[in-house]
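Below are the chains, spelled out letter by letter.
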Amino acid sequence: MEMTNNEYDKLTKKMSPDTKLYKTLPKAFFIGGLICCLGQALFNLYTFWGLNEQNARSVTSITLVFFSALLTGLKLYDKIAKHGGAGTLVPITGFANSVVAPALEFKTEGFILGTAAKMFVIAGPVIVYGIITSVLYGIILYLVQLGG
Amino acid sequence: MATLIKDGTISMNTCPSVSAFAAAVGKMEGEGPLANCFDYIADDVTLGESSWEKSESKLQQIAFSTALSKGNFSEKNIDVLFAGDLLNQCVSSSYGARDTEIPFLGLFGACSTMAESLGLASVFVDSGAAVNAAAVTSSHFCSAERQFRLPVNYGGQRTPTAQWTATAAGCAVVSPHGNAPYVRAFTIGKIKDMGITDANNMGAAMAAAAYDTISRHLCNTNQSIDNFDLILTGDLGKVGRDILMELFKKDNVDISEKHKDCGIMLFDPKKQDVHAGGSGCGCSASVLCSYILGEIRQGKLNKVLFAATGALMSPTIVQQGESIPGISHAVELSSC
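Thresholds applied
Residues numbered from 1 in each chain as written. Chains lettered and ligands numbered in written order. Predicted model: local features only at pLDDT ≥ 70, side-chain atom pairs only at ≥ 80, totals over all residues. Buried ≥ 20, exposed ≤ 12 C-beta atoms within 10 Å, placed from the backbone. Helix = DSSP H or I, 4+ residues; strand = E, 2+ residues; numbered from the N terminus. Pairing = 2+ DSSP bridges. Arc of directions from axis to C-beta. Contact = placed C-beta atoms within 7 Å. Domains from an automatic or database assignment. Nonpolar A, V, L, I, M, F, W, Y, C, P; charged D, E, K, R; others polar.

Asks: Tell me about the pairing of strand E7 (residues 133-139) of chain B, and name the residues and values.
Replies: Looking down a regular strand, the side chains alternate between one sheet face and the other. All names here are of chain B. With seven of its seven residues buried, E7 lies for the most part within the structure. One ladder, built from five bridges, connects strand E5 (residues 80-84) with E7; its direction is parallel. Its bridge partner being in E7, Leu81 is matched across the sheet by Ala134. Judged from the seven bridges that link them, E7 and strand E9 (residues 168-175) form a sheet pairing that is antiparallel. Paired with Ala135 across the bridge in E9 is Ala172.

Asks: Please set out helix H4 (residues 77-84) of chain A residue by residue, giving values where relevant.
Replies: Residue and element names in this part refer to chain A. What H4 keeps buried is the set Tyr77, Asp78, Ala81 and Gly84. All buried residues of H4 project into a common sector of 120 degrees when viewed along the axis, lining one side. Packing partners of the buried residues in H4 comprise helix H2 (21-48), helix H3 (53-73), helix H5 (86-89) and helix H6 (92-105). Just beyond H4, the residue with positive phi is Gly85, at close to 55 degrees.

Asks: Lay out the domain arrangement of chain B in plain terms, naming residues and giving numbers.
Replies: Residue and element names in this part refer to chain B. When its domains are assigned, chain B resolves into domain 1 (16-175) and domain 2 (182-334). Averaged C-alpha coordinates put domain 1 and domain 2 at centres separated by 18 Å. Contact residues are listed per partner, giving 50 residues for domain 1 and 52 residues for domain 2. Elements supplying a minimum of two residues to the side of domain 1 that touches domain 2: strand E3 (17-25), helix H3 (113-127), E7, helix H4 (141-148), strand E8 (164-165) and E9. Among the elements that take part in the side of domain 1 that touches domain 2, H3 stands out by supplying eight residues, more than any other. The class makeup of the residues in the side of domain 1 that touches domain 2 is 29 nonpolar, 17 polar and four charged.

Written out as structure tokens, the structure reads:
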């Protein structure tokens, strides 16, 4: 076969179907939007029940995380996420799923070396770089305020 | 006695027989178009075991023991067992065979392992190194996902070029005498790396290897596509098949009428959501050791070139930025 890697790459790109964005984008928008609406509804409900704004926000997040974890355990979350894409990945529910899924998957290797050690295998980078970014942000804010 | 023709192609002088074969598959594979051809269809993906790796071992054991009983063999009749799977250290195979007393050779050729093991078993039998040799391979969707990709319950999306690892196992017993199919020749694959780095496009990583092995086999045996009823690739899937057609087109050879791919045959692309098709050692093994070998035995297919394809992918090396090498081994089977 007389073909360079470059030519092969072009052939591969030509033969590989692209993601059908006209289908995936609206689905992500609606399913992600639905999760956010659910969050807003929960927040309104908790405020209606007498919680102050700060507490209502926390309890809303906790409720969403709980349902995401439950649906992951019931093997339903991945079926929703298959259609939801970024719509189920970006909200806090996606983060909960990314922690619970490996925790359950690696249970067969034990609670220490399996569940606990592998729990953050997907979410770990988000936590690490989230913390680093927040520290950098804090330093920048401190310097700006010092100058101002 | 098996003789080297040239450049990796070995001719079998006695044409050993694939005297017995069997395929065991998971529930989803058992709902596909070849459902009626399988010897065993599991009710659930666990097969009653406590881990995915154990489930895969059990599937391999079922395929092996079914093939032995179909051919009226006992374990004592098998002189060597060639076994392989996708998992690290070939655990499905070694744990699947640990209760036997059969001399064991573990193989890794990724999804090409069925052709590799069948070819080696045939060389052993043809050369007199074994009277009866068995070749068995397996894969399991869940054990492969957790090793190569993400936990099964993680809510990720698969790309259109991604393939679905089959939960399946196939076993073939090669003997010096017996009914069709007969093994005529074996071409050992060469590693072909065309720089594909997308772990979700295995078809592209393997198509070049399939092209090399098929064309080399035809050239070394002085045959053309017209000599065959079927050119059967392992698990290129839709993307890999399209690339393979294009590669042959450049040589002015049209194989589209003669070509089929196990990855496309195992699942129903309309009803079953497997994106580009099936993959895994068990994919080509289960299609070969059920429908294809059955058709050859009945004389409905006379000459088949079985070229299983493997993407020799390691998540570690791919994360280091390396590309994915592909390989394809080919076994020529005939009905007389």
